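Overview (structure and organization)
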Amino acid sequence: ANHHEGINNVFEGLSIQRVKETKPRTAYTPEELRLFISWAKSLKGHRKWISLLGAYTGARANEICQLYADDVQCIDGIWCINIRSKRPDQKLKTENSARLVPIHSDVLAEGFLEFAQGRQGSRLFTELSLVMGYYSHGWGKWFNRNRPTDKDFHSLRHTVGTELKSAGVPIQYTAAILGH
C-alpha cells in the first residue's frame with residue numbers, strides 16, 4: 001500500500017535558481033591605498049572629492065554622490081558629512097545608514113570645505129545626474145573605467161573598516177561610521 005496517498009509534494013515543480021556568484025570584496029592593501037589616494041588627489045573637481053570621501057569615510061558611492069552642500073556640517077567643531085534622506089532624491093540602504101561621518105583632516109587639507117562652500121544651495125556633485133534613482137550610476141561607470149587598481153569602489157568600505165579595527169576603534173563605532 002502507498003503510505004503517501006493524499007500527501008502532496010509541496011516542492012513539485014519548484015525550480016532552483018542559481019545565485020549569481022560575486023567575487024568577495026577585499027580591502028585595499030596599504031600599497032593599493034597609497035596609490036588610490038595619490039590618484040584621487042591628482043583628479044579634478046567632483047571626481048577628486050568623491051574618490052577621497054570614499055577612501056576616508058568608507059561611505060557607499062551613492063551616499064556620497066547624493067550629498068547636498070548643506071550635508072557638510074560642523075558639529076561640535078568637527079566637520080562631518082551628514083548621510084541622510086532629507087530630500088526626495090536622497091535614499092538610504094537601511095535605516096541605520098543615516099549617520100554623521102567625520103571628514104578626515106587630509107580631505108580638509110585638500111580644500112574640500114572650499115569646494116563645498118562653492119556649491120551652497122545645491123547638490124555637492126551637480127555633474128552627476130539621477131539615473132534609475134541613483135546619482136552614483138554615472139560615477140560607477142566612470143570609476144570602473146579609470147580606477148587605479150583592480151579593486152572596486154565598494155572595497156574602500158572594507159578598507160576603512162579594516163583600518164579602524166587595526167587602530168583599535170571599538171566595533172560599535174566602526175559600525176556607526178559605516179552605517180551598519
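Look up: the structure comes first, before these words.
Residues numbered from 1 in each chain as written. Predicted model: local features only at pLDDT ≥ 70, side-chain atom pairs only at ≥ 80, totals over all residues. Heavy atoms only, no water.

Remarks on the side chain of Arg157
You can see Arg157 is positioned in helix H7 (residues 155–166). The buried charged residue Arg157 lacks any salt bridge, with Glu63 as its nearest oppositely charged partner at 4.3 Å. A polar side-chain atom of Arg157 sits 3.3 Å from a polar atom in the side chain of His180. Once you skip the residues sitting within four places of it in the chain, Arg157 turns out to touch Gly58, Ala59, Arg60, Glu63, Arg99, Leu178 and His180. (Helix = DSSP H or I, 4+ residues; strand = E, 2+ residues; numbered from the N terminus. Buried < 20%, exposed > 50% of the residue type's maximum accessible area, 1.4 Å probe, protein only. Lys, Arg positive; Asp, Glu negative; His and termini not counted. Salt bridge = Lys/Arg side-chain N within 4 Å of Asp/Glu carboxyl O. Polar contact = N/O pair within 3.5 Å; in protein donor to acceptor, adjacent residues only side chain to side chain. Contact = heavy atoms within 4.5 Å.)

Some details on the layout of surface pockets
Which parts of space are left empty comes out when a probe the size of a water molecule is rolled across the atoms. What the largest pocket holds in volume is close to 380 Å³. What lines the largest pocket is a set of 17 residues, and nearest its centre among them are Ala61, Ser136, Gly140, Phe153 and His154. When residues of the lining of the largest pocket are traced back to their parent elements, those giving at least two are helix H3 (61–65) and helix H6 (136–146). With seven residues, the single largest contributor to the lining of the largest pocket is H6. Of the residues assigned to the lining of the largest pocket, the class counts are seven nonpolar, six polar and four charged. What the second largest pocket holds in volume is close to 260 Å³. Contributions of two or more residues to the lining of the second largest pocket are made by helix H1 (30–42), helix H2 (45–57), strand S3 (99–102) and H7. Of the residues contributing to the lining of the second largest pocket, the split by class is nine nonpolar, two polar and two charged. (1 Å grid on protein atoms, 1.4 Å probe; cavity = no way out; pocket = protein on both sides within 12 Å on 5 of 7 lines; lining within 4 Å. Points joined across faces, edges and corners; volume = space filled by probe spheres on them. Nonpolar A, V, L, I, M, F, W, Y, C, P; charged D, E, K, R; others polar.)

Considerations on the packing of aromatic side chains
Under the criterion given, the structure shown has 13 aromatic pairs. Judged by centre distance (5.4 Å) and plane angle (35°), the ring pair of Trp139 and Trp142 falls under tilted. Pair noted here: Trp139 and Trp142 are both in helix H6, with a separation of three residues, about one helical turn. Take Trp142: its relative accessible area is 12%, and that puts it in the buried class. Against the face of Tyr134 rests Lys91, its NZ or CZ located 4.1 Å from the ring centre. The ring of Tyr28 carries Lys151 above its face, with NZ or CZ at 5.8 Å from the centroid. (Phe/Tyr/Trp six-rings, centres within 6.5 Å; stacked < 30°, edge-to-face > 60°. Lys NZ or Arg CZ within 6 Å of the ring centre and 35° of its normal.)

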